[in-house]
Structure formats: C-alpha cells, structure tokens
Amino acid sequence: MRKSRRCIDGTVLREYTLDEPVPVGIIGFLEQFGTVKALADMEQPFYTFRMGDIFNIKGMVDDTAMFVRYQPASMSHTEIFFTRLIEGFDTNAPDLEELRKMHGELIEKITSVSSGGL
Amino acid sequence: MGIPPDQVEGIMDRPFVYFNNAATSWPKPDCVVRVVQKVLVEPCHETGRSTLHDVRDYPSEAREGIGRLLGTKYPDHVVFTQNATDSLNILIHGFVKQHPGRFHVITTDLEHNSVLRPLMTLSHEGRILLTILKSGNDFHVTPEMISPEIRDDTKLFVLGHGSNVIGSVQDMRHIGRFLHEKGIFLIVDGAQTLGQTQVDISDGSVDAFAFTGHKYLFGIQGIGGFYLKDPQEIAAIKQGGTGADSRNLFHPVDMPLKYEAGTANYPGIASLYAGIKYVESSGIDRIADHTRDLCRYLISSLQKEPGVLIDNKDPELPVISFNIQGLDNEDAGLILARAYNIVTRTGLHCAPLIHERLNSGKGSIRLSLSFQNTREECDAAIDAILELVTG
C-alpha cells in the first residue's frame, strides 16, 4: 500500500494504491462501519463511504486506488483505523468484532478531540 | 547506481486523454523534451558563473522569445522566476514595498489565489485597502465598472488577463490606458494567456505582465517570469548572487538582475526557449483556432444533455467548466479518471470567488485543452461524460 497526499479545502486527501483491485464485496463490508453510496449500475461501480464527518473513502470496484479524506485534527487516529479496515478486508475472514471495537473507540476518541479532551 | 527501473513508476502503459492543460500542459512537444535532455546531459551556460564556452545562451534567447510574444523591444525587462505565482508575489509585494503608506488596491472576483492571497495578506497586515470588483454577467471587466471604485488613494490594479475557470479574456490594453489616465499601476496575471492567445503590450498600457512557462508555453514546471516596464515602481524583495558585479555588497539594480538572485533554473529556461519556438512555429492564431474549434465541439455535444450543466458556453480560452446533475464534481472527476482514463480537474481551481457566484462555491469539473489535443480525444470525453450522465 502506498500513498500520496494533497490538501484540499482544509482536509487531507490521501490516495492509496492497493496491491490488488478491490472486489465488489468492499461495498457490503464498508456498510458495517458507516454510510455507503454506490453507483452500482456502472460497469465498474463507484462507491463512497462516509463515517460521519470523521472521514470518507471513495473508489471504484476493480480498481487499486482508494481516495480517503481526513479531518486533519483526527487524522492520526482515523488513518490507523482505515489501514486496519482495509487489511481486515484483505483477509478472507476479517475479525469483525475487533474492527467494531476499534470503530467504537475511534468515535469515542474523535468526540473527545472535538470537545477538547485530547 | 540510480533508481532501479522497476521503481520508476509509469502510467504510460494505458492511454489516457489529458484535459488539464490550464494547470500544466501535457504532452510536451518533442523539441521541449529534447532540449531538456540536452541541458541535463551537457553542462549549462551560466552567465558570469563559469568559464565554460561555446554553449548556447538559453536565458538570453528565451528572454528575447518572451519579448517577441509580448511585443516588447526590451527583452532585458523580462525576468525569470519559478512560475506566475512567484512573479505575482514579487510584483505585488515589491510594489507595496516601493510605495510607503497605506493605499487602495483593486482586483476582481475572477482572480486566482496567486493574486488574491498576496493581496489578502497585505490587507490583513494593514498595508493596503482592497476592493474586489465583481465582474460583469459576461465575466468581463470594463473601465465603466472600475471607475466608481477608484479613490484618491488608489495606486494599483491587479487583473487576470484570462480566467482559468470561465475562459473570459479581459481587454487589458483598454483597461490599462484608462488606469494610466488615473495614475494607477496595472499588474496583469497572464498565466492563462501567453502562448495561447495573442498578447500585445507594445503600446505601454500594461505596467507588468506575469507569465508561467509550464502551461501554454509548453515548458516544464518551475519556470515562469514577468515583464516590467519601469523597475523604479517595484522594489526588489530578493538579494543574492548574480554572477556579476560581485565586489558590490548591494544587489544590482539593472535589469533583469534586479529581480534575479541565485542560480537560475537552466533546464526550465531551456524548456521555455523550446516551448516558445514551438508556439511561434505553430502560430498563435492557429493554436487559438484549433482549441476554440475543439471547445465548441465539446460544448455543442455536451449541452444537448440537460444533465450536463455548463458554466461557460462561449469561452475565449480553451476551458470548459461544468457539473453533472446529481453528482458531486469531485466524484465525477474521479470516475472520469479511473474508469475512462480522462484527466480533468475538479473543485475550485484555486479561484474561489468566482465559484461563489457560479454555484455557491461547490466548484466544477474543468476540461482544459491545448494545441496538442485532438477531436478523437474530445469524442472519448463526450462519450464518457454522456455515459456518466445517462447512467
């Protein structure tokens, strides 16, 4: 996984290049952790994943690129979660319980950051 | 030793359509590629910094080339910088440094952040009072619109010659003559126009003209410059080695050295020289006609589909800004790039104020063409966009 970064409108956009193209199963997988919208009628479906205002992912099925937009203040936490999420999806049997636990902890941390707790 | 070939990433294994020339033109003409290779292989001509001889003086020849394109007889008044943003910073901050006291400056809502940010910084610091003039419904600015904004202490007008979002081109000579009657200095941002459309400042109506090499002059990134009529109006904000007058502990004041400190970007200057030659041999009118024809073809094909919302249906420069109904422009750009291999630019294009007027700051997808683009590439883009709209 490699990444480059660009800053747009105050958020940080990172492009990740995966080793393998993502299959269509990514859409159902991501739905467990946030809101997913997909243009499913396209030959190569386009999807967006949003976890509130914390971060979002955009990409296309059968593509190796994923575009992730972070809020700078919470990026150190969210990037770790994103990485685990994708690593988890890469395995045939992702540890959903562990990921959900991380997901809950992340939301707790972000809430703490936004209220000045961290 | 070096970087192993397998670590040099390549994207040329799949053909793509490049419509992002208003940011950086691509592909570069063969003559530009060859001259850059040449200056990287051979030692460079470095005026006053080397005993090397019998090598080509690209800086002088590029200066003369820019002079020809601008219609000036004074190529020594052409200064090399990194890009148009660098030029505009030198000119704007240099003008303010040269003119003490707080004074009034006017610019327009069409401007790029390379104009807006230096001016906003100076306004925030209390050095200037800034008026941002709303351009007309056709995105042009006229003396009649400027006149009511002029105050007794107005000293400077900064004008974008061509809009990178809408593609409108201002009549800078008419505006310049009007401003000169009022004693107002005119700095023009020509990043989008030099090389793409006829530019003529031979009548002296423009005081300073900033340009970049990597767009429509087909040079590489990192080379740009400006023309300055009267160096007394702009203080130098950089000092350093020039390769000349080294005994003097103060920076030279003669042109162009007054504004050129440190070793120049010789590969960039050589690329600019070759790019100018390419533009001159192609002919600016032929370049403008070709890209205008392609833009009209794109617009006429896209506007048939009501889901394509075009902001500028008759651009004077080869830029088309549009949105697709029901689709975020960033998402549309991503799909065009990843699924169709069509490179565009999305968002605000570093010109935030005009987007506020167009669609409350949501931004747009921009297709920007160059002389290198073809009708077949337009067909590929039209097919992809229409497929995206109609699903």
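Residues numbered from 1 in each chain as written. Chains lettered and ligands numbered in written order. Predicted model: local features only at pLDDT ≥ 70, side-chain atom pairs only at ≥ 80, totals over all residues.

Enquirer: When you look at the overall build of chain B in this model, what are you seeing that I'm missing?
Expert: Tallying secondary structure elements over chain B gives 11 helices and 13 strands in all. Against the 2.2 N^0.38 benchmark of 21 Å for 391 residues, chain B shows a C-alpha radius of gyration of 22 Å, consistent with a compact globule. If you line up chain B on its principal axes, its C-alpha atoms span 70 × 60 × 35 Å. For chain B, the proportion of its 391 residues judged to be buried stands at 48%. Across chain B, contacts joining residues at least 24 apart in sequence account for 72% of those joining residues at least 6 apart. (Helix = DSSP H or I, 4+ residues; strand = E, 2+ residues; numbered from the N terminus. Rg over C-alpha atoms; globule rule 2.2 N^0.38 Å. Buried ≥ 20, exposed ≤ 12 C-beta atoms within 10 Å, placed from the backbone. Contact = placed C-beta atoms within 7 Å.)

Enquirer: Would you mind going over the pairing of strand β8 (residues 224-228) of chain B with me for this structure?
Expert: Strand residues, when the strand is regular, have side chains that alternate between the two faces of the sheet. All names here are of chain B. Counting buried positions along β8 gives five out of five residues, so the element sits mostly inside the fold. Bridge analysis of strand β2 (residues 78-81) against β8 gives four bridges, and the strand direction is antiparallel. Its bridge partner lying in β8, F80 is registered against G225. As judged from the five bridges shared by strand β7 (residues 208-212) and β8, these two strands associate in the antiparallel manner. Paired with A208 across the two strands is L228, which belongs to β8. (Pairing = 2+ DSSP bridges.)

Enquirer: What am I meant to see in the pairing of strand β6 (residues 185-189) of chain B here?
Expert: Residue and element names in this part refer to chain B. Counting buried residues in β6 gives five out of five residues, a clear majority hidden from the surface. The alternating pattern of β6 places F185, I187 and D189 on one face and L186 and V188 on the opposite face, and all of these are buried. In this structure, strand β5 (residues 154-160) lies alongside β6, joined through five bridges in parallel fashion. Residue V158 lies in a different strand from β6, and its bridge partner there is I187. This β-α-β element, β5 to helix α6 (residues 172-181) to β6, shows right-handed connectivity. The sheet contact formed by β6 and β7 spans three bridges and is parallel. In the sheet register, I187 faces β7, and the bridge partner there is A208. (Right-handed = clockwise from strand over helix to strand, strands pointing away.)

Enquirer: Is there a simple way to explain the nonpolar core in this structure?
Expert: Counting residues in hydrophobic clusters, the biggest one holds 70 residues, and the most contacted among them are B:L91, B:A208, B:F209 and B:A210. Sort the elements by how many residues they give to this core and helix α7 (residues 266-282) of chain B lands first, with eight residues. Beyond its immediate chain neighbours, meaning those up to four positions away, B:L91 contacts B:I187, B:A208, B:A210, B:F226 and B:I234. A:M51, A:L85, B:L336 and B:A381 belong to the second largest nonpolar core, which has 56 residues in total. (Core = buried A, V, L, I, M, F, W, Y, C linked by C-beta atoms within 7 Å.)

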